[in-house]
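Structural features, examined
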Amino acid sequence: MFGSDHSGSDPLGGGSDQLIPSRGILASRPYRSRPALPFRPERIVLAKGALECPSGQELVHSICTAYPRAVVSERFDAPHNRIDLGACDPLELHDRGKKTLVIGVHHSAVRQSSEAGNTCPNYWHFSPYGFCPYRCHYCYLAGTRGVRFSPTVKIFVNLDEILAEIDRVARRLNRPTAFYLGKLQDGLALDPLTGYSRRMIPFFAAHPFARLALLTKSADVANLLDVEHRNRTILSWTLTPDAIARRFAPGSGLLCAWIPSSTASPIPISSWTVSSRPHEIAASAAFQQASCS
Ligand code: SF4
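1. Overview of the overall build of the protein chain
Helices and strands together make up the secondary structure of the protein chain, namely 7 helices and 11 strands. Burial statistics for the protein chain: of 293 residues in total, 43% are counted as buried. Of the contacts made within the protein chain by residues no fewer than 6 positions apart, 74% connect residues no fewer than 24 positions apart.

Encoded structure:
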């Protein structure tokens, strides 16, 4: 389907989000990718598993269509974290990784954090994405072993499998349980490409136990405006003063020169209830009656 490296082409033609036949708890809605600006990958690599299911093929096509100038490479024998970027110097490797979008699968994407000595309790988190297209100078992920080894930006097409695992874990725990998206990536930065929020949020809305906490610096909330949430998702933004963001967080979508008052939202999404803490760097827009409580 994808020949050797090429650019400037529309390799698959057509494209829409898959229908998700999962006991009626997942949303099914056509979706067409939009560029996740300011992210403009120079290279898109199709790794192992990227085209193995119809939903993956459709998503790959849609993403490649959104970036018609990107070079598309097939590496179907390589898992997502084994893509050779042709660099050894750590900074060069990092720079090439930020310009490379890898599409593949992640079969252990649902995990519980297990760091010893944390002030915060450990928690469940999941990864339909890997790493982040932004370029914050202080990014703690950039120094982690996994990202140092594989600094590409990643999208995993097996979202159905990931949500099924969340379902299994939450039912086994048999109590309201938060699953965080944003520990090992930005939770919303790549959503214009995938439309995943439109499938995840209805999934959590319908689930008896699983709740979603999504952390991001992205201001692109177009996919969230009409999605059914039933107060079971929390969105949390990091707001950074413009002068600081321009110097230390180039590429992030949300530059905010002020922290909003308790009644103002940094993001214009009228169907969501807002709570903010003006004295903290992070401000959260949360659903009423956050379901994890
Ligand atoms: S938004 Fe977060 S994950 Fe992305 S580069 Fe900045 S600090 Fe790193």
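After that view, the rundown keeps rolling.
2. Structural notes on the nonpolar core
Counting residues in hydrophobic clusters, the biggest one holds 62 residues, and the most contacted among them are Ile44 and Ile103. In contact with Ile103, not counting residues within four places along its chain, are Ile44, Leu46, Ala47, Ala50, Val60, Ile63, Ile155 and Val157.

3. Observations regarding the site of the ligand
For the ligand, the set of nearby residues contains 9 residues, the closest of which are Cys132, Tyr134, Cys136, Cys139 and Lys217. Along the lines of polarity and charge, the residues of the shell around the ligand split into 5 nonpolar, 1 polar and 3 charged.

4. Points about the pairing of strand β1 (residues 43-47)
Within β1, 4 of the 5 residues are buried, which leaves it mostly tucked inside the rest of the structure. Across 5 bridges, β1 lies against strand β2 (residues 71-75) in parallel orientation. Paired with Arg43 across the two strands is Val71, which belongs to β2. Relative to strand β3 (residues 100-104), β1 runs parallel, the two being bridged by 4 bridges. Paired with Val45 across the two strands is Val102, which belongs to β3.

5. What to know about the sheet that holds strand β7 (residues 153-156)
The mixed open sheet is built from 5 strands, whose spatial order is β2-β1-β3-β7-β6. Taken across any chain shown, the strands that pair with only one partner, and hence form the sheet edges, are β2 and β6 (129-130).

6. A look at unusual backbone geometry
Residue Leu37 is joined to Pro38 through a cis peptide bond whose omega torsion reads 10°. Here Pro38 shows up in the segment before β1. In this model, Phe131 sits at a positive phi of 60°, which is unusual for a non-glycine residue. With respect to the helices and strands, Phe131 occurs in the loop between β6 and α3 (145-149).

7. A look at the environment of Thr216
Assignment of secondary structure puts Thr216 in strand β9 (residues 210-216). Remark: the alpha-carbon pair of Thr216 and Ala189, spanning 27 residues in sequence, is separated by 7.0 Å. Setting aside chain neighbours within four positions, we find Thr216 in contact with Gly182, Asp186, Gly187, Leu188, Ala189 and Trp237.

8. Quick word on the confidence of the model for the protein chain
Mean pLDDT over the protein chain works out to 81, with 75% of the residues at or above the 70 mark. Predicted confidence for residues 256-264 stays below pLDDT 50, and this span has 15 contacts to residues more than four positions away or in other chains. Across residues 278-293 the pLDDT falls below 50, and counting only partners more than four positions away or on other chains, this stretch makes 43 contacts in the model.

9. Thoughts on helix α1 (residues 54-66)
Between the first and last C-alpha of α1 there are 19 Å, a value that for 13 residues agrees with the 18 Å anticipated at 1.5 Å per step. Those residues of α1 lying buried are Gly56, Glu58, Leu59, Val60, His61, Ser62, Ile63 and Cys64. At its buried positions, α1 is contacted by β1, β2, β3 and α5 (191-194).

10. Observations concerning the environment of Leu239
Structurally, Leu239 is set in the loop between β10 (233-238) and α7 (242-248). With 21 C-beta atoms counted inside 10 Å, the residue Leu239 sits in the buried group. A C-alpha to C-alpha distance of 9.8 Å links Leu239 and Ser218, two positions 21 residues apart in sequence.

11. What to know about the environment of Phe126
Topologically, Phe126 is positioned in strand β5 (residues 124-126). With 27 C-beta atoms packed within 10 Å, Phe126 lands in the buried category. A C-alpha to C-alpha distance of 5.2 Å links Phe126 and Ala109, two positions 17 residues apart in sequence.

Thresholds applied
- Residues numbered from 1 in each chain as written.
- Predicted model: local features only at pLDDT ≥ 70, side-chain atom pairs only at ≥ 80, totals over all residues.
- Helix = DSSP H or I, 4+ residues; strand = E, 2+ residues; numbered from the N terminus.
- Buried ≥ 20, exposed ≤ 12 C-beta atoms within 10 Å, placed from the backbone.
- Contact = placed C-beta atoms within 7 Å.
- Core = buried A, V, L, I, M, F, W, Y, C linked by C-beta atoms within 7 Å.
- Near = placed C-beta within 6 Å.
- Nonpolar A, V, L, I, M, F, W, Y, C, P; charged D, E, K, R; others polar.
- Pairing = 2+ DSSP bridges.
- pLDDT = per-residue confidence, 0-100.
- Expected span 1.5 Å × (residues − 1).

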